[in-house]
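Residue-level listing of the chains:
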Amino acid sequence: MSKLHKFFQNTGLKPYDGELGVNVLCLQYEHLRKHIPLLYLTICFYFILAVVFIANEVNADNLGGKMASYILPIIVIPLALIRAIIWHRRRNDPFDAEKAAKIMINLTSVSALIGVMCGLWAVFAWQAESSGQKFYLPLIMAMGGFSVAYCLAIIPFSAILNLSLAVFPISCVLLVSGETLFVAISITVITAMVYLMGLLRRHFAQMVNMTKLQLQMQKQANTDMLTGLLNRRAFRDTFAKLKLQEGEDNNSHISVAMIDLDKFKPINDQHGHATGDILLQMIAKRMCDEIRDTGYIARLGGDEFAVIFNDKPVQYCREYLKTLSLQLSQPYHIEDNSYHVGISYGIAHDIVKDADLGNLLSQADAALYRMKAIKKVEKPMKKIMKKLQSV
């Protein structure tokens, strides 16, 4: 990752990677939908206020007076109103991460353009204003810039850029004016800007850290700590979400499989729980590698696992479980020892809108124990057949 990309991430312009990035982006977008219409209306208000303030004190015959009295206000005020209407229409749009990222970059560009015009207006108005009250101009612009920065606080880069472009030019003009009052005003405004910029960055960093903490807590609540798979609670929540997504009028199917490890308990008892835990982690890793995006897998407890297959034919699920059984039966190497386990499984199938997780788990569990019973019968039969073949 380049330093520039990391800088944009830490100042809110570029999304973070993974789930953190999506969550932060969602928070940014929700904040902007509420505050951006207010931002543009605030720009209109301060611009109109400033134009009214200089109306009788500016010589409109020269270029500076025309820019301050007519040209820049005619550009900025309609542009701000149009943007306010656009954002007001977005208030009920569903969140889309890719679209939101593009909107934020576009917002930064437009707000920076308006910031430039606000900064130019303040300089032109200062030069054209002839009354002794013109020191109010930088104060009005500073208050407007601080208000805009508040609305853009969720994107520190945009807020800082807009604030700098709108307020810094007039502050520099005051600083080089040589008059004590104007220099003092300039230093005060610049100092306030620097403090606000630091506050914006700290606020964003705190928001990102809080989002990280929430994701960690959510992961702990929904994840089996040993294997990293879904836990029982998350498994039930996943089933409920899938059922809700499909809707009542959908005839798609859902399958639930129960999986139980064979020969695991003797290994756990003879070689210790530490070896058993490592073995469970290795088994879980193979399950994830095999199932991947095909289903949702959970550890329900001990050596018991469950899988949800959404909208897959039952025969497809059975073939998948056979393949999984072959993969899991391969040896596991821990230190200098090799261990072998197998699986027994059962599967239940139903239409999503009629499916009940409790019933499906019960049916799958019953099918699993039928497989175990068959294996108990088959095992001695295989031994007998081997003896007969050797005679």
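Residues numbered from 1 in each chain as written. Predicted model: local features only at pLDDT ≥ 70, side-chain atom pairs only at ≥ 80, totals over all residues. Heavy atoms only, no water.

S.K.: I keep staring at the nonpolar core and nothing clicks. Help me out?
M.R.: Buried together is how nonpolar side chains tend to be arranged in soluble globular proteins. Core analysis: the biggest nonpolar cluster contains 69 residues, and Leu32, Tyr40 and Trp121 have the highest contact counts within it. At the level of elements, α2 (18-54), α3 (63-89), α4 (97-128), α5 (136-151), α6 (156-175) and α7 (180-222) are the ones that each hand at least two residues to this core. Broken down by element, this core gets its largest block of residues, 15 residues, from α2. Residues within four places of tryptophan 121 in sequence aside, it is in contact with Phe47, Ala50, Val51, Ile54, Met67, Ala68, Leu72, Pro73, Leu137 and Met141. By size, the runner-up hydrophobic cluster in this structure holds 27 residues, among which are Ile267, Ile334, Ile343 and Tyr345. (Core = buried A, V, L, I, M, F, W, Y, C linked by side-chain atoms within 4.5 Å. Buried < 20%, exposed > 50% of the residue type's maximum accessible area, 1.4 Å probe, protein only. Helix = DSSP H or I, 4+ residues; strand = E, 2+ residues; numbered from the N terminus. Contact = heavy atoms within 4.5 Å.)

S.K.: Would you mind going over α5 with me for this structure?
M.R.: When the terminal C-alpha atoms of α5 are compared, their 23 Å separation across 16 residues agrees well with the 22 Å that a helix rising 1.5 Å per residue should span. Of the positions making up α5, those classed as buried are Leu137, Pro138, Ile140, Met141, Ala142, Gly144, Gly145, Val148, Ala149 and Cys151. Among the structural elements, α2, α4, α6 and α7 are those in contact with the buried residues of α5. (Expected span 1.5 Å × (residues − 1).)

S.K.: What should I look at first to understand a nonpolar patch on the surface in this one?
M.R.: Among the surface-exposed residues, Tyr70, Ile71, Ile74 and Ile75 lie close enough to one another that they form a single nonpolar patch of about 390 Å² accessible area. Assignment of secondary structure puts tyrosine 70 in helix α3. Given the relative accessible area of 48%, tyrosine 70 is considered partly exposed. (Patch = residues over 30% accessible without salt bridge, like charges linked within 9 Å, V, L, I, M, F, W, Y side chains within 5 Å. Areas by Shrake-Rupley, 256 points an atom, 1.4 Å probe, with all protein chains shown as cover. Salt bridge = Lys/Arg side-chain N within 4 Å of Asp/Glu carboxyl O.)

S.K.: Explain the packing of helix α9 (residues 264-271) against helix α10 (residues 273-291) here, please?
M.R.: Any two packed helices are characterised by the angle at which their axes cross and by the distance between the axes. Direction vectors running N to C along α9 and α10 enclose 140°, while the axes themselves pass 6 Å from each other. By the criterion of interaxial angle, the relationship of α9 to α10 is oblique. Of the residues in α10, those in contact with Phe264, Ile267, Asn268 and His271 of α9 are His273, Thr275, Gly276, Leu279 and Leu280. For the contact of α9 with α10, the class distribution of residues is four nonpolar, five polar and no charged. (Axes fitted to C-alpha atoms, helices over the stretch in contact; angles between N-to-C directions. Parallel < 35°, antiparallel > 145°, perpendicular 65-115°, else oblique. Nonpolar A, V, L, I, M, F, W, Y, C, P; charged D, E, K, R; others polar.)

S.K.: I'm lost on the sheet that holds strand β2 (residues 295-301) in this one. Help?
M.R.: Pairing between the strands of a sheet is mediated by backbone hydrogen bonds and can be parallel or antiparallel. Strand order in the open sheet formed by four strands is β2-β3-β1-β6, with antiparallel pairing between adjacent strands. Whereas interior strands pair on both sides, the edge strands pair on one side only; in this sheet they are β2 and β6 (342-351). Each strand of the sheet is rotated relative to its neighbour by a mean of 20°, with strand direction disregarded. Judged from the six bridges that link them, β2 and strand β3 (residues 304-310) form a sheet pairing that is antiparallel. Paired with isoleucine 297 across the two strands is valine 307, which belongs to β3. Those strands touched by α10 are β1 (253-262), β2 and β3, and its axis lies near 160° from that of β2. (Pairing = 2+ DSSP bridges.)

S.K.: Which parts of the structure should I look at to understand the side chain of asparagine 231?
M.R.: With respect to the helices, strands and loops of the structure, asparagine 231 is situated in the loop between α7 and α8 (232-246). Within the local environment of asparagine 231, its side chain forms a polar contact with the backbone oxygen of alanine 221, the two atoms lying 2.8 Å apart. Not counting chain neighbours up to four residues away, the residues in contact with asparagine 231 comprise Ala221, Asn222, Thr223, Asp224, Ala298 and Arg299. (Polar contact = N/O pair within 3.5 Å; in protein donor to acceptor, adjacent residues only side chain to side chain.)

S.K.: Explanation requested: the packing of aromatic side chains in the structure shown.
M.R.: In the structure shown here, the tally under the stated rule is eight aromatic pairs. Seen from their ring centres, phenylalanine 7 and phenylalanine 157 are 6.1 Å apart, and the 85° between their planes marks the pair as edge-to-face. Residue phenylalanine 7 is found in helix α1 (residues 3-10), and its partner phenylalanine 157 is found in helix α6; the two are separated by 150 residues along the sequence. Looking at phenylalanine 7, the relative accessible area reads 36%, which means it is partly exposed. With a centroid separation of 5.2 Å and 90° between ring planes, the pair formed by phenylalanine 8 and phenylalanine 157 is classed as edge-to-face. Taken together, the positions of phenylalanine 8 in helix α1 and phenylalanine 157 in helix α6 put the pair 149 residues apart, joining distant regions of the chain. Judged by its relative accessible area of 18%, phenylalanine 8 is buried. (Phe/Tyr/Trp six-rings, centres within 6.5 Å; stacked < 30°, edge-to-face > 60°.)

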